[in-house]
Amino acid sequence: MTEPVRLESVHFDSVEQTQAWGARLGESLRAGDLVVLTGGLGAGKTTLTQGIAEGMRVRGPITSPTFVIARVHPSLVGGPALVHVDAYRLGGAAELDDIDLDEDLEEVVTVVEWGAGLAEQLADDHLELVLAGDGDRRTITLRPSGARFDVLVDRLTNDV
Ligand SMILES: Nc1ncnc2c1ncn2[C@@H]1O[C@H](COP(=O)(O)OP(=O)(O)OP(=O)(O)O)[C@@H](O)[C@H]1O
Ligand SMILES: [Mg+2]
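Given the structure is predicted, the values throughout are model-derived calculations rather than measurements.

Calculation notes
- Residues numbered from 1 in each chain as written.
- Chains lettered and ligands numbered in written order.
- Predicted model: local features only at pLDDT ≥ 70, side-chain atom pairs only at ≥ 80, totals over all residues.
- Heavy atoms only, no water.
- Helix = DSSP H or I, 4+ residues; strand = E, 2+ residues; numbered from the N terminus.
- Contact = heavy atoms within 4.5 Å.
- Areas by Shrake-Rupley, 256 points an atom, 1.4 Å probe, with all protein chains shown as cover.
- Donors = N, O, S within 2.8 Å, 3.2 Å for Na, K, Ca; no water.
- Buried < 20%, exposed > 50% of the residue type's maximum accessible area, 1.4 Å probe, protein only.
- Core = buried A, V, L, I, M, F, W, Y, C linked by side-chain atoms within 4.5 Å.
- Near = heavy atom within 4 Å.
- Polar contact = N/O pair within 3.5 Å; in protein donor to acceptor, adjacent residues only side chain to side chain.
- Salt bridge = Lys/Arg side-chain N within 4 Å of Asp/Glu carboxyl O.
- Axes fitted to C-alpha atoms, helices over the stretch in contact; angles between N-to-C directions.
- Parallel < 35°, antiparallel > 145°, perpendicular 65-115°, else oblique.
- Left-handed = near helix turned anticlockwise from the far one by under 90°.
- Nonpolar A, V, L, I, M, F, W, Y, C, P; charged D, E, K, R; others polar.

**Q** What should I look at first to understand the overall build of the protein in this one?
**A** Counting secondary structure elements, the protein contains 3 helices and 7 strands. Ordered by position in the sequence, the α and β elements of the protein form the string β-α-β-α-β-β-β-β-β-α. Pairs at least 24 residues apart make up 64% of the contacts formed inside the protein by residues separated by at least 6 positions. Carbon together with sulfur atoms contributes 48% to the accessible area of the protein, which is approximately 8600 Å² in total.

**Q** Is there a simple way to think about the coordination of the magnesium ion (ligand 2) in this case?
**A** In a perfect tetrahedron of four donors around a metal, the angles come out at 109.5 degrees. In a perfect octahedron of six, they are 90 or 180 degrees. The protein atoms that coordinate the magnesium ion (ligand 2) are Thr46 (OG1) and Glu113 (OE), at distances spanning 2.1 to 2.3 Å. Linking Thr46 in helix α2 (residues 45–56) with Glu113 in strand β5 (residues 109–113), this pair joins segments that are 67 residues apart in sequence. Each member of the pair, Thr46 as well as Glu113, carries the same accessibility label: buried.

**Q** Looking at this structure, I do not really get unusual backbone geometry. What am I missing?
**A** Most peptide bonds adopt trans geometry, and most residues besides glycine take a negative phi value. Residue Gly60 is joined to Pro61 through a cis peptide bond whose omega torsion reads -5°. Structurally, Pro61 can be placed in the loop between α2 and β3 (70–73). For Arg57, which is not glycine, the phi torsion reads 60° and is therefore positive. Within the fold, Arg57 resides in the loop between α2 and β3. Judged by relative accessible area, which is 52%, Arg57 ranks as exposed.

**Q** Honestly, the nonpolar core in this entry has me stumped. Any pointers?
**A** In this structure, Trp21, Leu25, Leu48, Leu82, Leu129 and Ile140 are the most contacted members of the largest nonpolar core, which totals 26 residues. Counting only elements with at least two residues in this core, the list comes to β1 (8–12), α1 (15–28), β2 (34–38), α2, β5, β6 (126–134), β7 (137–145) and α3 (147–157). Not counting residues within four places of it along the chain, the set of residues in contact with Leu82 comprises Thr49, Ala53, Met56, Val58, Ile62, Arg71, Val72, His73, Val109 and Val111. If you look at the next biggest cluster of nonpolar residues, it comprises 9 residues, including Leu34, Val83, Val112 and Trp114.

**Q** Got a minute to help me understand the site of ligand 1 in this structure?
**A** For ligand 1, the set of nearby residues contains 17 residues, the closest of which are Thr18, Lys45, Thr46, Thr47 and Asp136. Thr46 is positioned such that a nitrogen or oxygen atom in its backbone is 2.8 Å from an oxygen atom of ligand 1. Expressed as a share of its isolated accessible area of 640 Å², the protein-covered part of ligand 1 is 78%. The set of elements that each furnish at least two residues to the shell around ligand 1 consists of α1 and α2.

**Q** Help me understand the pattern of salt bridges in this model?
**A** A full pass over the atoms with the stated rule returns 3 salt bridges. Asp13 is the partner of Arg137 in a salt bridge, and the nearest nitrogen-oxygen pair spans 2.7 Å. In this pair, Arg137 is assigned in strand β7 and Asp13 in the loop between β1 and α1, connecting sequence segments 124 residues apart. Ionic pairing is found between Glu128 and Arg143, a salt bridge with its closest N-O pair at 3.5 Å.

**Q** Help me understand the packing of α1 against α2 in this model?
**A** Relative orientation and spacing of two packed helices are given, respectively, by the angle between their axes and the distance between those axes. The contact between α1 and α2 brings their axes to 6 Å, and the two run at 45°. Relative to α2, α1 is oriented oblique. Judged by the sense of rotation from one axis to the other, the crossing of α1 with α2 is right-handed. Only Thr47, Leu48, Gln50, Gly51, Ile52, Gly55 and Met56 of α2 make contact with α1, whose side of the interface consists of Val15, Thr18, Gln19, Trp21, Gly22, Ala23, Leu25, Gly26 and Glu27. Here the residues of the contact of α1 with α2 are counted per class, giving 7 nonpolar, 8 polar and 1 charged.

Encoded structure:
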């Protein structure tokens with residue numbers, strides 16, 4: 001029997017709302033976590049990452065890398081660094097293992113902007129966030145993989 005697919009969505013009407021939710025997520029992330037952002041060009045992956053960085057209290061700025069594939073943002077408060085990977089621009093062929101990172105992924109939080117569909121190749125526990133929408137309105141569908149992220153998604157989809 002196939003396992004039930006769990007799909008929860010959240011909706012935002014402005015950049016500020018998307019970033020505020022990203023900050024809530026960022027506050028909950030810890031070393032070793034992997035967050036995979038999928039969604040087309042301009043879907044809001046980098047914008048959401050800016051919110052995550054704020055919540056994690058790491059050094060900015062979070063930008064769209066043009067030539068650099070991965071950037072390390074150290075913590076300002078003694079927490080884990082944020083490694084922001086823009087694999088979207090690799091054209092879809094790469095896997096996370098192929099990206100040459102100096103950091104031990106167990107010690108940092110990794111956020112990857114990824115081409116659609118590729119996240120399924122990631123075997124480890126991760127949180128996939130699928131971004132869609134246009135105008136100012138965005139929908140983020142949460143696809144947790146593993147118990148750790150199940151708990152996190154419960155917390156993040158409850159309106160508090
Ligand atoms: N509610 C919203 N949430 C996020 N972005 C929004 C929202 N409303 C409008 N936008 C705009 O959509 C654009 C999102 O761009 P962003 O660079 O974050 O997307 P991306 O998915 O990282 O794109 P790329 O594929 O180029 O990496 C920005 O110009 C942002 O201002
Ligand atoms: Mg981007």
